[in-house]
Amino acid sequence: MLTVITNIKELVQVETGQPKLRAMGKEMARVETVKDAYLMVEDGKIKAFGPMDEWKAASGERRVDREVDATGRLVFPTFCDSHTHLVYANSREHEFVDKIRGLSYEEIAKRGGGILNSAKATAAASEDELYDMAQRRLQEAMRMGTGAIEIKSGYGLTTESELKLLRVIRRLKENSPMTIKSNFLGAHGIPMEYRGHQEDYVDLVIDEMIPLVAAEGLADYIDVFCDQGFFTVEDTARILEAGIKYGMRPKIHANEMAVSGGVQVGVKYNAISVDHLEQMGDAEIECLKGSETMPTVLPGCAFFLNLPLSPARKMVDAGLPVAMASDYNPGTSPSYNMQLILSMACIRYRLTPEEALNATTLNTAYAMGVSRELGTIAVGKKANFYITKPIPSYEYMPYAYGENKVERVFLNGVEV
Ligand code: NIG
Ligand code: FE
């Protein structure tokens, strides 16, 4: 099956030559494009692209199964959303109102709300119900331009419920055209009955949950909420070591509430990413230099909770790569809209449109281990891209925040 998209006003984020696995520091400002372009797709992969003139010159010799005319429209690689909690049972708008009235996220968590509220509803829901809800959310995210997504467990907090969530993620992987990675986040919250002796819950995660998760091959990554009021650096180190033994690479929550040591423990265990980073000192930035760990900022969470902003600009200026993901979840970021994340990257974090694009595509692809196959338009990569509505330029994408600029989405070369 040969598909060609023709008359593309501008094909954005193309790579020629050896594709990069991530963009760091100054490289983040580089985005290559082809104006008046074509894009050819065969068997789910990108086969060729270039100026329309080239296509016209050769088109007599080529038999094409499908031609899509993109006059007036731009084409981008789909977003990679490297941090979500997409499988959950209930929304939490009542806590949202409590927060407006003055309660903090930590206060709500302490009294048994927050993650424990979600865990209660998740325990009561069947695997099929959770699957149907998650599938609908996945469809919506796709329509907004997301083509790859990482999904965490973490609203289980019992062995049975955590396995249930991970099995839902496995079914999503099997049945969705999206590229999906799963992350085991058993250490997301401390159940009420373990308050005051949370090391016993850590034991449960290590001795019971991890071996069962591994036996069914349910997790690509292992996560811990390493932060003040949640899991300590010592808890985190123990859990990561246990996960690594079973082949799960760390990818953790760090430094959302406090300078928690989360960045250091993540880098020590070669985490593929450390995420949140609202609380960052110079030592944290230094520690990330020269590592293979992707600093990942979650603008939706900081917006929703009114948290201090992660120093993304400073990190890029220090030569680091930065990724930005949605953190889609019912408690701190109830939106999977990566177009909005792109806008926030520019408006709130002062990244340029080019840096913001790299942060939400190539660098998030790296942060979920798929940057060889996704994240840019390059020959041989998966044909995951979207065609915009008629828009004037690529800078319009972050500029016109809140508007859906995506018209058609193709995953593995097929329109969804
Ligand atoms: O990434 N910070 C920890 N976990 C989630 C929030 C979970 C919740 O409140 O339901 C996050 O923001
Ligand atoms: Fe999260």
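Definitions and cut-offs
Residues numbered from 1 in each chain as written. Chains lettered and ligands numbered in written order. Predicted model: local features only at pLDDT ≥ 70, side-chain atom pairs only at ≥ 80, totals over all residues. Heavy atoms only, no water. Donors = N, O, S within 2.8 Å, 3.2 Å for Na, K, Ca; no water. Helix = DSSP H or I, 4+ residues; strand = E, 2+ residues; numbered from the N terminus. Near = heavy atom within 4 Å. Polar contact = N/O pair within 3.5 Å; in protein donor to acceptor, adjacent residues only side chain to side chain. Areas by Shrake-Rupley, 256 points an atom, 1.4 Å probe, with all protein chains shown as cover. Nonpolar A, V, L, I, M, F, W, Y, C, P; charged D, E, K, R; others polar. Core = buried A, V, L, I, M, F, W, Y, C linked by side-chain atoms within 4.5 Å. Buried < 20%, exposed > 50% of the residue type's maximum accessible area, 1.4 Å probe, protein only. Domains from an automatic or database assignment. Contact = heavy atoms within 4.5 Å. Buried area = accessible area lost by both parts, 1.4 Å probe. Salt bridge = Lys/Arg side-chain N within 4 Å of Asp/Glu carboxyl O. Pairing = 2+ DSSP bridges. Right-handed = clockwise from strand over helix to strand, strands pointing away. Expected span 1.5 Å × (residues − 1). Phe/Tyr/Trp six-rings, centres within 6.5 Å; stacked < 30°, edge-to-face > 60°. Lys NZ or Arg CZ within 6 Å of the ring centre and 35° of its normal.

Within the first shell, the iron ion (ligand 2) binds the protein through H83 (NE2), H85 (NE2), H253 (NE2) and D327 (OD), at distances of 2.1 to 2.3 Å. Taken in chain order, the donor set of the iron ion (ligand 2) reads H-x1-H-x167-H-x73-D. One end of the pair, H85, is in the loop between strand 6 (79–81) and helix 2 (93–100); the other, D327, is in the loop between strand 13 (323–324) and helix 13 (338–347), and 242 residues separate them in sequence.

Take the site of ligand 1 next. Around ligand 1 lies a shell of 16 residues, among which R92, Y105, Y155, E256 and T332 are the nearest. Within the side chain of Y105, a nitrogen or oxygen atom sits 2.5 Å from an oxygen atom of ligand 1. The side chain of H253 places a nitrogen or oxygen atom 2.9 Å from an oxygen atom of ligand 1. Burial of ligand 1 by the protein amounts to 100% of the accessible area it has alone, namely 330 Å². Looking at side-chain class alone, the shell around ligand 1 contains five nonpolar, eight polar and three charged residues.

What follows is about the nonpolar core. Within soluble globular proteins, side chains that are nonpolar tend to cluster in buried spots. Counting 106 residues, the largest nonpolar core has V87, L172, F184, I239 and M324 as the members making the most contacts within it. Considering every element that reaches this core, the biggest residue donor is helix 7 (residues 198–215), with eight residues. Counting residues domain by domain, this core receives three or more from each of domain 1 (2–78 + 375–415) and domain 2 (86–367). Residues in contact with L172, not counting those within four places in the same chain, are L86, V87, Y131, A134, Q135, L138, I151 and I180. Core analysis: the second largest hydrophobic core is formed by 18 residues, L11, I46, F49 and V75 among them.

Take the domain arrangement of the chain next. Assigned domains within the chain: domain 1 (2–78 + 375–415) and domain 2 (86–367). Its C-alpha centre places domain 1 at a distance of 30 Å from the equivalent point of domain 2. Listed by partner, the interface residues are 35 residues for domain 1 and 34 residues for domain 2. Buried surface at the junction of domain 1 and domain 2, summed over both partners, amounts to about 2700 Å²; 62% is from carbon and sulfur atoms. In terms of surface lost to domain 2, no three residues of domain 1 exceed R22, M28 and P398, which account for 26% of the buried area on that side. Where domain 1 meets domain 2, there are zero salt bridges. At the junction of domain 1 and domain 2, the tally comes to 18 residue pairs in polar contact (both at pLDDT 80 or more). Looking at the side of domain 1 that touches domain 2, the elements with two or more residues in it are strand 5 (73–77), helix 16 (396–399) and strand 15 (406–411).

In this structure the tally under the stated criterion is 23 salt bridges. As a salt-bridge pair, K251 and D275 come within 4.0 Å of each other at their nearest N and O atoms. Of this pair, K251 sits in strand 10 (residues 249–254) while D275 sits in strand 11 (residues 273–276), and the two are 24 residues apart along the sequence. The same class applies to K251 and to D275, which are both buried. The residue D282 makes a salt bridge to K314 at a minimum N-O spacing of 2.9 Å. On the criterion of sequence distance, the pair formed by D282 in helix 10 (residues 282–288) and K314 in helix 12 (residues 312–317) is long-range, its members being 32 residues apart. Residue class for K314 comes out partly exposed when judged on its relative accessible area of 47%. Taken together, the salt bridges that share partners define one network made up of R66, R408 and E415.

What follows deals with unusual backbone geometry. Its identity is not glycine, yet H276 carries a phi of approximately 105 degrees, on the positive side. For H276, a relative accessible area of 2% corresponds to the buried category.

Our focus in this paragraph is the pairing of strand 12 (residues 294–297). Alternating residues of strand 12 divide into M294 and T296 and P295 and V297, and every residue in both groups is buried. Relative to strand 12, strand 11 is paired through four bridges, and the arrangement is parallel. The residue of strand 12 that forms the bridge with D275 is T296. After leaving strand 11, the chain enters helix 10 and then returns to the sheet as strand 12, a path that is right-handed. Strand direction decides the pairing type here: strand 12 and strand 13, joined by two bridges, are parallel. In the sheet register, T296 faces strand 13, and the bridge partner there is A323.

All right, on to helix 8 (residues 233–245) then. Here helix 8 spans 18 Å end to end across 13 residues, near enough to the 18 Å set by a 1.5 Å rise per residue. In this structure, the buried side of helix 8 is in contact with strand 8 (179–187), helix 7, strand 9 (221–226), strand 10 and helix 9 (262–268). After helix 8 finishes, the residue G247 shows a positive phi value of roughly 85 degrees.

Turning our eyes to something else, we now look at the packing of aromatic side chains. Any pair of aromatic rings gets described here by the distance separating the centres and the angle formed by the planes. Scanning the model with the defined rule gives 11 aromatic pairs in all. With 5.3 Å between their ring centres and 15 degrees between their planes, F76 and Y386 make a pair best called stacked. Pair noted here: F76 is in strand 5 and Y386 is in strand 14 (residues 385–390), with a separation of 310 residues, a long-range link. Y386 carries the same exposure label as F76, and that label is buried. Ring geometry for Y201 and F231: centres 6.3 Å apart, planes at 35 degrees, overall tilted. In this pair, Y201 sits in helix 7 while F231 sits in the loop between strand 9 and helix 8, placing the two residues 30 residues apart along the sequence. One aromatic cluster is present, formed by F76, F79 and Y386 through successive ring pairs. Note that R137 overlies the ring of Y88, its terminal NZ or CZ placed 3.6 Å from the centroid.

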